[in-house]
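One letter stands for each residue in the lines below.
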Amino acid sequence: MSHLAIESNGVRVIGIRGIGGMGKTTLARVVYKMISNQFEACSFISNVREVYEKCGILQLQQTLLNDLLNLRDIKVKDVDDGVFMIKNRLLHKKILLVLDDVNELDQLNKLVAKHDWLGPGSRVIITTRDVHVLMSYKVNDIYEARGFSNEEALILFNSKAFNEEHPPEDYLELCQAFVDYANGLPLATEVLGSFLYKRSSYEWKSELDRLKEFPERKILDVLQISFDGLQQTEKEIFLHIACFLNYRNQETIIAILDCLELYPEIGLRVLADKSLIKYQGNQLWMHDLIQEMGRDIVRKECPKDQPEKRSRLWLSEDIDNVFTNNTGTEAIQGIVLTFLGTEGAHWNRGSFSKMNRLKLLIIEDSHLMYDPKYLPNDLRFLNWHGYPSKNLPTSFLPNKLIELHLCFSNIERLWTDTKYWEMLKKLAVLNLEGCKNLKSLPRKFEIESLKILILSDCSKINTIPEFGENMGRVTELHFDGTAITKLPTSIGNLSGLASLNVRDCKNLMSLPSTFFNMTWLKDLNLCGCSKLLENLGRGESVDVNGQMPSSSAIFETFKKIAFGGFQILPFNPMSRSSESMGLLLSSLFGLSSLRKLNLSNCNLKEIPNDIACLSFLQKLNLSGNNFGCLPESITQLSNLNYLRVDNCASLQSFPKLPLNIGYIFGFGCSSLETVPDLLRPSSSFEPKLFLSSCSKLTGNQGFIDLFFAVVKKSPQGLSPNYKGGRYDVVFPGTEISEWFSHQCMGDKVNIMEPFSHLCNDWIGIAVCVVFGPHSHHQIQNNPVICTLSINGKYMHHAASIAEWVVASSDHIWLLYLLPQYLLEWEEDRKSVWECNANGFREIGIKIDNNPTSLVKKCGLRVVYKKDIEDLNRSMVQCSNNSIILYEGLKESLNLWPMQDKQVHTFRECSNRQPTMLDES
């Protein structure tokens, strides 16, 4: 109702969007009945799409004018006359108009093109499956119809199936099974409930089994209306997702659809506009019943017992049938096999020979031992994980192949004849990661279309082919874990190369002179290349003139660099090697364009002030070194967001840090005594702190001040510097502030909160956990995981602290979560809307103990707007510039406001292993 703003005298147009069967029309009717008495004239025009297709827009104009002018049989000559009459005769009327199931902008332009056609205070409600229609029309607001929560679905289902709210006891599990099948879709819930009315439990079970193979036609027919309105390429995209790609990440889907020349960027946008797909973060998904509708369309392409005549095969039993009996046909365009359950050795080796139009082949079952004699020449995308043969079939002509993925395969060489390499005119991605038997590559790559080459962990590859002069499209090379001793001199031909990964190439001795001219390179990973770095330190990475290029030439344009894992010896004036490495390190600090610098475990005694020259530096890792302090000049690194100093046992204090710092990691800094005042009253965010096993910081009030500062700022939303709407602080300590109004010993807390408060006033959830080491376990880093539950249901997102924490003593983890972090998943959003008969919701947390950490107690508080006002009145800032050792922590914490002075203990939640979400 708030979208309508009834009290406003302006004209407002509101859109209701959602897939078919989501209850848009029902919602519009309910609102129409509630407010229609506040208008001079009202009209509810149903089935606009259907009437428009059968009778045209003139019929709709006539209905609208008859209703709103209170005239019968009004005569409209033509469409233009209808537009003129609507525009001029409704100008001074306060009307309510509902246009139900609109699917084209033209319908709106001919019925109510502009707001100023209507009188002051008028309201128009438009329901549609296509949000793009609403955006093109520029409606004032859009409401997305949401599916039922589990409780709402059960109420409707039971009312249809039993004419009462609660079912008989022996039907409880069956009711839940049908509600799960409907998955919140109101239409499906109602249709199934009505169908099962007065049927026996045996019939219910039979229907449930039947639905797995033959979905309810009434439901699918409604859903298919959206599919029927798609263009042909959009239909192909939809069917590929329904059959193969649901719940995969967006980048993978776009790459596959690009290979199939289906224009995925615009196609996916259209599907999303029509509510046929949605995104959860980077993951694409479609409703179970929409997916079933798509698969049903493919199944109807042929009789049930002839799967070889379908365009797509995804069921393992159908694929097994076709390959065992060698019944493949030209109809098959895509096959995706995730798991077969057998080795497939009984398959006919010639089964691919008749699949001449197969473009997409994905086999993810690494246990499949099928050795094909043929592969279709029409393939565009081939991904065969664990391909069992030593080479690809000689009959396979890869002229049309765009992406080839044979990860962790038994392949020794792709082809025995180099002519096949010459056919790769369209290949953009060649991924042979983990092919440990791969020994042979062509002498030279001449693949002009190639963009990405992955040879990671191909441990028998000791030589990289030369690169042709016309390979400027290559952007990524991954040679990590190979046995190469050098890079080809022709690497300089790769004018588009942005990323080079040679991590753990332990035999790599030198870099070619052409490498140092690659000023376009942005991402270099040399971690673990011990022989190369040793030679660099000695000046023995020889170019054609026998001279080592200058450090500035080497690193000038590297935006990201990884040197973790090699040792720089203490500088010894008598050691030429150490002296050269020291010069190399010093020159590194003069590189103004570096974005990421990893100098961990380099035995550094000090960090030079010259580090301030790295003005674009964003991430700095100095872990495992022996310096006692950081230079004051570090504050000049205005772009520095991430600082890591783990296991710097000599580090005693931090200097003033840059204002942009967002993450500080420092576990195992046993000498660390002081940290600067990090509170920023004028900033939109505070830095996250992970300072475990820093024993001299125990009981530090400043960390708690920092946490409450974040809570105070949360009504404006956490800064984008924080991923997903969460904030963490970890430090040594033993006491939970009494501000956390619900506390208990152990690893669980459950509280009851009023439904009305959570709907309107809550702005976050604050958690405090005290954990420490198990007495008989070796101290090591293991994750501590916090999972939230609503009404006993665990939410999808579980906050965790993993490698950041090594608990040698008791520690405090302060965690603050905003609603957007908790409610990213649709199922979680549904749960939040559920409450018990008394109008309360149960909110709970469960902290998972790991093998080496023990959760001792925890606290929880739902934060409301009024709590911010309390904090603003009560919070006491530390006045000194450094956070000092704080005594009497518990007494000071009594300053913080409380909802309830009593410490509560509630019943335990049901045990469930949460999903771990590790943020870095």
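Residues numbered from 1 in each chain as written. Predicted model: local features only at pLDDT ≥ 70, side-chain atom pairs only at ≥ 80, totals over all residues. Heavy atoms only, no water.

This paragraph deals with the overall build of the chain. A tally of helices and strands in the chain yields 26 helices and 37 strands. The buried share of the chain, reckoned over its 920 residues, is 55%. Look at the contacts in the chain between residues 6 or more apart in sequence, and 63% of them connect residues 24 or more apart. Of the roughly 39500 Å² of accessible surface on the chain, 49% is carried by carbon and sulfur atoms. (Helix = DSSP H or I, 4+ residues; strand = E, 2+ residues; numbered from the N terminus. Buried < 20%, exposed > 50% of the residue type's maximum accessible area, 1.4 Å probe, protein only. Contact = heavy atoms within 4.5 Å. Areas by Shrake-Rupley, 256 points an atom, 1.4 Å probe, with all protein chains shown as cover.)

In this section: the packing of helix H13 (residues 250-259) against helix H14 (residues 264-273). It is at 9 Å that the axes of H13 and H14 come closest, and there the two elements cross at 120 degrees. As judged from the angle between their axes, H13 and H14 are oblique. Across the interface between the two elements, Ile253, Ile254, Leu257 and Asp258 from H13 touch Pro264, Glu265 and Leu268 from H14. Here the contact of H13 with H14 is composed, by residue class, of 5 nonpolar, no polar and 2 charged. (Axes fitted to C-alpha atoms, helices over the stretch in contact; angles between N-to-C directions. Parallel < 35°, antiparallel > 145°, perpendicular 65-115°, else oblique. Nonpolar A, V, L, I, M, F, W, Y, C, P; charged D, E, K, R; others polar.)

This part takes up the packing of helix H7 (residues 150-162) against helix H8 (residues 172-182). For the pair H7 and H8, interaxial distance at closest approach is 10 Å and the crossing angle is 115 degrees. Helix-helix and strand crossings are classified by hand; for H7 and H8 the assignment is right-handed. Of the residues in H8, those in contact with Asn150, Ala153, Leu154, Phe157, Asn158 and Phe162 of H7 are Cys175, Gln176, Phe178, Val179 and Asp180. Of the residues that constitute the contact of H7 with H8, the class distribution is 7 nonpolar, 3 polar and 1 charged. (Left-handed = near helix turned anticlockwise from the far one by under 90°.)

Now for the sheet that holds strand E2 (residues 41-45). Spatially, 5 strands are ordered E2-E3-E4-E1-E5 in an open sheet, and the strand pairing comes out parallel. Where the open sheet ends on each side, the last strands, each with one partner, are E2 and strand E5 (141-144). Put simply, the sheet's adjacent strands are angled 15 degrees from each other on average, direction ignored. Direction of pairing for strand E1 (residues 12-17) relative to E5: parallel, over a ladder of 4 bridges. (Pairing = 2+ DSSP bridges.)

In this section: the environment of Lys748. Looking at the element boundaries, Lys748 is found in strand E29 (residues 748-754). Between the C-alpha atom of Lys748 and that of Ile845, which follows or precedes it by 97 residues, the distance is 5.7 Å.

Put simply, side chains in a regular strand alternate between the two faces of the sheet. Note that strand E10 (residues 360-363) and strand E11 (residues 381-384) share 4 bridges and pair parallel. Each residue of the ladder has a partner; that of Leu360, found in E11, is Phe381.

This brings us to unusual backbone geometry. Phi at Asn326 is positive, roughly 55 degrees, even though this residue is not glycine. A positive phi angle, close to 60 degrees, is found at Asp457, a residue other than glycine. Among the structural elements, Asp457 can be located in the loop between strand E15 (452-454) and strand E16 (466-467). Overall, the relative accessible area of 32% leaves Asp457 in the partly exposed class.

What follows is about helix H1 (residues 24-35). Here H1 contains 12 residues, and its C-alpha end-to-end distance of 17 Å stays within 8% of the 16 Å for a straight helix at 1.5 Å per residue. Here H1 has its buried residues at Lys24, Ala28, Val31, Tyr32 and Ile35. Seen along its axis, H1 keeps its buried residues to an arc of 105 degrees; they face one direction. Opposite the packed face of H1, turned more than 90 degrees from it, sit the exposed residues Thr26 and Lys33. Where H1 is buried, its residues touch E1, E2, strand E3 (95-102) and strand E4 (123-128). (Expected span 1.5 Å × (residues − 1). Arc of directions from axis to C-beta.)

Attention now goes to the side chain of Arg123. If you trace the backbone, Arg123 turns up in strand E4. The buried charged residue Arg123 lacks any salt bridge, with Glu7 as its nearest oppositely charged partner at 6.5 Å. Among the polar contacts listed, one links the side chain of Arg123 to the backbone oxygen of Ala5, at a separation of 2.6 Å. Aside from chain neighbours lying at most four places away, what touches Arg123 is Leu4, Ala5, Ile6, Ser8, Gly10, Val11, Arg12, Phe39, Ile95, Leu96 and Leu97. (Lys, Arg positive; Asp, Glu negative; His and termini not counted. Salt bridge = Lys/Arg side-chain N within 4 Å of Asp/Glu carboxyl O. Polar contact = N/O pair within 3.5 Å; in protein donor to acceptor, adjacent residues only side chain to side chain.)

What follows is about a positive patch on the surface. A grouping of Lys390, Arg413, Lys439 and Lys460 is seen on the molecular surface, where their side chains present a positively charged patch. Here Lys390 shows up in the loop between E11 and strand E12 (403-405). Assessed through its relative accessible area of 52%, Lys390 is described here as exposed. (Patch = residues over 30% accessible without salt bridge, like charges linked within 9 Å, V, L, I, M, F, W, Y side chains within 5 Å. Charge placed at Lys NZ, Arg CZ, Asp CG, Glu CD.)

The next subject is the pattern of salt bridges. Charged atoms that come close allow side chains of opposite charge to pair. Inspection of every chain in the model, using the stated rule, returns 33 salt bridges. The residue Arg210 makes a salt bridge to Glu207 at a minimum N-O spacing of 2.6 Å. In this pair, Arg210 and Glu207 are both assigned in helix H10 (residues 201-213), 3 residues apart and thus about one turn of the helix distant. For the salt bridge of Lys212 with Asp209, the shortest nitrogen-to-oxygen distance reads 3.8 Å. Of this pair, Lys212 and Asp209 both sit in helix H10, separated by 3 residues, roughly a single helical turn. When salt bridges that share partners are traced, they join Arg217, Asp221, Asp296 and Lys300 into one network.

To continue, consider the packing of aromatic side chains. Inspection of the entire model under this criterion finds 29 aromatic pairs. Relative to Trp204, the ring of Phe157 has its centre 5.7 Å away and its plane inclined at 85 degrees; by these criteria the two rings are edge-to-face. Residue Phe157 is located in helix H7, and its partner Trp204 is located in helix H10; the two are separated by 47 residues in the primary sequence. Judged by relative accessible area, which is 0%, Trp204 ranks as buried. Plain terms: the ring middles of Tyr370 and Trp384 are 6.5 Å apart, the flat faces sit at 15 degrees to each other, and that makes the pair stacked. Of this pair, Tyr370 sits in the loop between E10 and E11 while Trp384 sits in strand E11, placing them 14 residues apart in sequence. Residue classification places Tyr370 among the buried residues on the basis of a relative accessible area of 2%. The class for Trp384 is buried, based on a relative accessible area of 1%. One residue, Arg29, lies across the ring of Phe44, its end atom 4.1 Å from the ring centre. Note that Arg199 overlies the ring of Phe195, its terminal NZ or CZ placed 4.3 Å from the centroid. (Phe/Tyr/Trp six-rings, centres within 6.5 Å; stacked < 30°, edge-to-face > 60°. Lys NZ or Arg CZ within 6 Å of the ring centre and 35° of its normal.)

These values are about where atoms sit, not about what they do.
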